[in-house]
Amino acid sequence: MDVSARLTELAKLRGTRETPVVSVYLNTRWGDEHQRDRVRVFLKNEIRKARKASTAEGMEADLDWIQAEGDALITQSRFPEAHGVALFACRALGLRDIIPVRVPFESAFVVADAPHLSPLAALLEKTPSALVVFVDGESARLVPLTTEGVGEEVALESEVPGHHRRGGWAQLAQSRYQRHIQDHRGRHFEAVVEALIGLTEGNGVRRILMAGEPRTIAVFQKRLPNRIAERVVGSIAGARHESAAVLVGRAAEFLAHLRGGEGADAVEAVLTEAAKGGRAVAGLEETLEAVARGAVQRLYLLGRFSQPGRLCVECGALQSGDAASCRLCGKPTEAAELGGAIVDRVIAAGGKVETVEIHQALARVGGVAALLRYPL
Ligand SMILES: [Zn+2]
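My aim in this report is to walk through the structure given alongside it, one point at a time. The numbering scheme is per chain: residues are counted from 1 as the chain's sequence reads. Restriction of local features to residues with pLDDT of at least 70 applies here, the model being predicted, together with a cutoff of 80 or more for giving and counting side-chain atom pairs; totals for whole chains, interfaces and linings are based on all residues. Think of the side-chain values as coming from all heavy atoms in the structure, minus any hydrogens and water.

1. Quick word on the overall build of the chain
Heads up, the condition is: Only DSSP runs of H or I covering at least 4 residues are called helices, and only runs of E covering at least 2 are called strands; the numbering of each starts at the N terminus. Residue burial is assigned from relative accessible area. The probe radius is 1.4 Å, only protein chains are included, and a residue is buried under 20% of its type maximum, exposed over 50%, and partly exposed in between. By definition, residues are in contact when any of their heavy atoms lie within 4.5 Å. For every accessible area listed, the method is Shrake-Rupley and the probe measures 1.4 Å; residues are considered covered only by the protein chains on display.
Along the backbone of the chain there are 11 helices and 17 strands. Taking all 376 residues of the chain together, 47% fall into the buried category. In the chain, the share of contacts with a sequence separation of at least 24, taken over all contacts with a separation of at least 6, comes to 67%. Accessible surface for the chain amounts to roughly 19300 Å². Of this, 51% is attributable to carbon and sulfur atoms.

Right, here's the structure in full:
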């Protein structure tokens, strides 16, 4: 199951106060032993605190499992390639989930009545599936980037005969030979285009990043059908002898920059739409209303958004402020962090969540806005 499907499944899970869900996010990408130690110490301390704080049934077993899995991750006997790992445990729900990804998480340890999902949701939006396509005159390599990591590289090669300079009668052969090479190259590119179409459409690839010599890339791109060409987001340098890891590192940097710009533009568009009273809302109250109606298609949230509020124990309404009884049904409410609660509901209702690190206009409206499926 891919990460996005698992996220949707996790968002549907609800424990209780007696049987809470433990959610753990770890950075498993260490520059040195100190960083590795810091993760080890973080996990040990959090588990100790949780053991002290909780008398919940099944909690001991959940924490034992997290300790054992955490040890395996930290010694890299499990998922040595992962840069970040999320773990979810709740014995009562039969939940034991480990999700390795290719981007580091900030360490987090949360015990609550539902899985803590915002870091995972934010990650999914930040790392869309992309395809790095290196191509030269006689070979090509297609490297898929997924949330789980670098996918299996597809190497495409066709042998092109060597090139020898001759005079006289050989000149004719030479020109035929040149045509043959051109033909051959043409077929090579066509074959690469076919493979690219298959991979792109078969895997829902939204972004293609070309790698190689600029002139080769320009010629190659002319052969792409429009529906594929419009997914090409740019190109990076690349040479045949470079490893997939080198190409992927360059590609990840390019995509990260691209993402920053696009995210900001999308937020601007949503704020404008909200100001016009169209298919968008801005601000906490309006967003809560849209969330309650299940109308959010895409939520935009400042990365540091956190807001205490109330959750109605009867009707489940999320409300700002600190009223002890529900505005809608009058029943008692309990304290809830609205940011996390909103994210969970949007995901559970099939919406997407995008975390924005810095955005002044979004901050001015309260740090949250949403594109809607229909106007409220
Ligand atoms: Zn209520």
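2. Points about the coordination of the zinc ion
Going by this rule: For Na, K and Ca the donor cutoff is 3.2 Å, while for all other metals N, O and S atoms must lie within 2.8 Å; water is not among the atoms, so some sites may look incomplete. Sites are called tetrahedral only when four donors show all angles between 85 and 135 degrees, square planar or octahedral only when four or six donors show opposite pairs over 155 degrees and all other angles between 65 and 115, and irregular in any remaining case.
The protein atoms donating to the zinc ion are Cys312 (SG), Cys315 (SG), Cys326 (SG) and Cys329 (SG), with metal-donor distances spanning 2.2 to 2.3 Å. Between the four donor atoms coordinating the zinc ion, the angles at the centre fall across 99 to 121°, so the site counts as tetrahedral. Taken in chain order, the donor set of the zinc ion reads C-x2-C-x10-C-x2-C. Residue cysteine 312 is found in strand E13 (residues 308-312), and its partner cysteine 329 is found in the loop between strand E14 (318-319) and strand E15 (333-337); the two are separated by 17 residues along the sequence. With relative accessibility at 3%, the residue cysteine 312 sits in the buried group. Given the relative accessible area of 32%, cysteine 329 is considered partly exposed.

3. A few points about the pairing of strand E17 (residues 368-372)
As a reminder of what qualifies: Note: two strands are recorded as paired if DSSP finds a minimum of 2 bridges between them.
Extensive coverage of E17 is indicated by the burial of four of its five residues. Two strands pair when backbone bridges link them, and strand E11 (residues 280-282) and E17 are joined in this way by three bridges, in the antiparallel orientation. Of the residues in E17, the one forming a bridge with alanine 280 is leucine 371. Of the pairings in the sheet, the one linking strand E12 (residues 296-302) to E17 comprises five bridges and is antiparallel in character. Among the inter-strand pairings, tyrosine 300 is bridged to a residue of E17, identified as alanine 369.

4. Comments concerning the nonpolar core
For soluble globular proteins, nonpolar side chains are generally found buried alongside one another. How we decide: Definition used in this section: a nonpolar core is a set of buried Ala, Val, Leu, Ile, Met, Phe, Trp, Tyr and Cys residues joined via side-chain atoms within 4.5 Å. Each domain span listed reflects an automatic or database assignment of domains.
Counting residues in each nonpolar core, the largest one holds 54 residues, and the members touching the most others are Phe88, Ile99, Leu120, Val296, Leu299 and Ile342. For this core, the element with the most residues is helix H10 (residues 338-348), which contributes six residues. There are two domains that each give this core at least three residues, and those are domain 1 (1-116) and domain 3 (260-376). Setting aside anything within four residues of it in sequence, one finds leucine 120 in contact with Val3, Leu7, Leu10, Tyr25, Phe88, Ile99 and Phe105.

5. Observations regarding the sheet that holds E12
Under the convention used in this document: To get an axis, a line is fitted to the C-alpha atoms, and for a helix only the part in contact is used. The angle between two axes follows their N-to-C directions and goes from 0 to 180 degrees.
Pairing in this open sheet of four strands is mixed, and the strands run E11-E17-E12-E16 from one edge to the other. Two strands close off the open sheet at either side, each with one partner strand: E11 and strand E16 (352-356). On average, adjacent strands in this sheet sit at an angle of 15° to one another, irrespective of strand direction. Examined bridge by bridge, E12 and E16 share five bridges and lie parallel to one another. Its bridge partner being in E16, leucine 301 is matched across the sheet by threonine 355. Along the sheet, helix H9 (residues 284-292) makes contact with E11, E12 and E17, crossing E11 at roughly 140°. Of the strands in this sheet, E12 and E16 are in contact with H10, which crosses E12 at around 155°.

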